[in-house]
Amino acid sequence: MKVGVPKEIKAHEYRVGLTPGAVREYVAAGHRVMIETNAGAGIGATDDDYRIVGGTILTSAAEVFASSEMIVKVKEPQPSEWCQLRENQILFTYLHLAPDPDQAKGLLKSGCTAIAYETVTDAHGGLPLLAPMSEVAGRLAIEAAGSALKRSAGGRGLLIGGVPGVQPARIVVIGGGVVGTHAARMAVGLGAEVTIIDRSILRLRELDELFEGRARTRFSTIDSVEEEVFAADVVIGAVLVPGASAPKLVRRSMLSSMRKRAVLVDVAIDQGGCFETSHPTTHDDPTYEVDGIIHYCVANMPGAVPLTSSQALNNATLPFGLALANKGFSAVLDNPHLRAGLNVHRGRLTYEAVAESLGLPFSPIEQAAA
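Just so it is clear, the structure is predicted and the values come from calculations on it, not from any experiment.

Student: Can you walk me through the packing of aromatic side chains in this structure?
Tutor: The relative placement of two aromatic rings is captured by the distance of their centres and the angle of their planes. Taken as a whole and judged by the stated rule, the model has two aromatic pairs. With 4.7 Å between their ring centres and 85 degrees between their planes, Phe92 and Tyr117 make a pair best called edge-to-face. Of this pair, Phe92 sits in strand β5 (residues 90–93) while Tyr117 sits in the loop between β6 (113–116) and α6 (131–149), and the two are 25 residues apart along the sequence. Take Tyr117: its relative accessible area is 0%, and that puts it in the buried class. Within the aromatic cluster, the residues linked to one another by ring pairs are Phe92, Tyr94 and Tyr117.

Printed below as a string of structure tokens:
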């Protein structure tokens, strides 16, 4: 199969869809891989690094899109990209369609087959292609919170871990999944006072054992969320409903009862955010203030550490990408985990949670593929 890797064009997105090591695997499996020139610059990979492992360098994204049967990216396609997609072409990348009707309409119009990293599953019921970026984002969330807490950034002027004789920051993590767990690990390691809120008693038991008393756990109710948020210096939004828009767990009316210049970090912003006052920001201008509360809502947090992120992502996506390259759309029909990743096919939405969030018709895969 002809596989294409365009350079990412979202603001401050330095990751790359395929690293040179991954390209070598595709070439060894008999596929031709075409990479846009300088696509790997953000991770320090030169065009020659790709040529050495058998990749072909093309001079423009337009050439890559026109020449490829499958496009492998990192972030969702931008308007200038989705208009280049076509029927019978596979797109394999993060999509996050639920809060993005324009992208959804663009993909539907193109007729392409779009498989979303974030909804591909594994045999354990997990989300293996979302997990590595969730790990990165969870850890970065605490770094971002530490920066936003500084008085020079508009925050409370608080050191996360405190010092002897001075209280550390109180950090509340809403959601005990991959993002929340890694955020809590970082916060605990820095010496913060950490509380994790989740709706699953089973997960809370696991977290209680994992942290051995170094982090508190609370079952998620309206009361518990309010109590913890109002007393927090930092709130990490780490809630995920696979494929669907994130629930709004912190309302604007709650901000006035929070500590002034506290920080909200919304890691769920790719799915619309779990704070009512969230809107996407960029690494250029990552924070803004609403009612005296600092919001950090960067939509591509792992893009700030592209070398780590690209390697971690490629480790996870490689077997799925090779399956698609080897068998084309048949791989989706044969593999239940890739089937779960199919969001758009030939002008139809094939992921029910996405269709419901967008208010658009849903088509089962069997109907869309007929």
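Student: For this particular structure, what's the right way to read the nonpolar core?
Tutor: Proteins that are soluble and globular tend to have nonpolar side chains buried together. Membership of the largest hydrophobic core comes to 75 residues, with the highest contact counts inside it found for Leu18, Tyr26, Ile115, Ile171, Val194 and Ile236. Residues lining this core come from more than one domain, with at least three contributed by each of domain 1 (2–111 + 306–369) and domain 2 (130–304). Ignoring anything within four residues of it in the chain, the contact list for Leu18 reads Val3, Val5, Val23, Tyr26, Val33, Tyr50, Val72 and Asn314. Val235, Met254, Leu255 and Ala268 belong to the second largest nonpolar core, which has 24 residues in total.

Student: In this structure, what is going on with the pairing of strand β13 (residues 293–296)? I would like to understand it.
Tutor: Neither face of β13 is exposed, since Ile293 and His295 on one face and Ile294 and Tyr296 on the opposite face are all buried. Here strand β11 (residues 263–266) pairs with β13 via three bridges, running parallel. Considered in β13, the bridge of Leu264 is made with His295. Of the pairings in the sheet, the one linking strand β12 (residues 287–290) to β13 comprises four bridges and is antiparallel in character. Its bridge partner lying in β13, Thr287 is registered against Tyr296. Linking β12 to β13, which pair antiparallel, is a turn of two residues; within it Asp291 sits at a positive phi near 50 degrees.

Student: I tried to follow the UniProt feature "binding site: substrate" (unreviewed entry) in the protein on my own but got confused; where do I start?
Tutor: With numbering aligned to this structure, UniProt lists the feature "binding site: substrate" (unreviewed entry) at Arg15 and Lys75. Across 61 residues in sequence, these annotated residues keep their C-alpha atoms within 8.8 Å of one another, forming a single compact spot. A residue is classified by how much of its surface remains accessible, and Arg15, at 3% relative accessible area, is buried. Apart from the residues lying within four places of it in its own chain, the contact partners of Arg15 are Glu8, Ala39, Val74, Lys75, Met133, Asn300, Pro302, Gly303, Pro306, Ser309 and Ser310. Lys75 gets classed as buried once you look at its relative accessible area, which sits at 2%. Apart from the residues lying within four places of it in its own chain, the contact partners of Lys75 are Glu8, Lys10, Glu13, Arg15, Thr93, Tyr94, His96, Asp270, Ala299 and Asn300. A polar contact of 3.4 Å, which involves the side chain of Lys75, links it to the side chain of Asp270.

Each value, and the rule that gives it
Residues numbered from 1 in each chain as written. Predicted model: local features only at pLDDT ≥ 70, side-chain atom pairs only at ≥ 80, totals over all residues. Heavy atoms only, no water. Phe/Tyr/Trp six-rings, centres within 6.5 Å; stacked < 30°, edge-to-face > 60°. Helix = DSSP H or I, 4+ residues; strand = E, 2+ residues; numbered from the N terminus. Buried < 20%, exposed > 50% of the residue type's maximum accessible area, 1.4 Å probe, protein only. Core = buried A, V, L, I, M, F, W, Y, C linked by side-chain atoms within 4.5 Å. Domains from an automatic or database assignment. Contact = heavy atoms within 4.5 Å. Pairing = 2+ DSSP bridges. UniProt positions renumbered as here; feature names shortened; annotations may be inferred. Polar contact = N/O pair within 3.5 Å; in protein donor to acceptor, adjacent residues only side chain to side chain.

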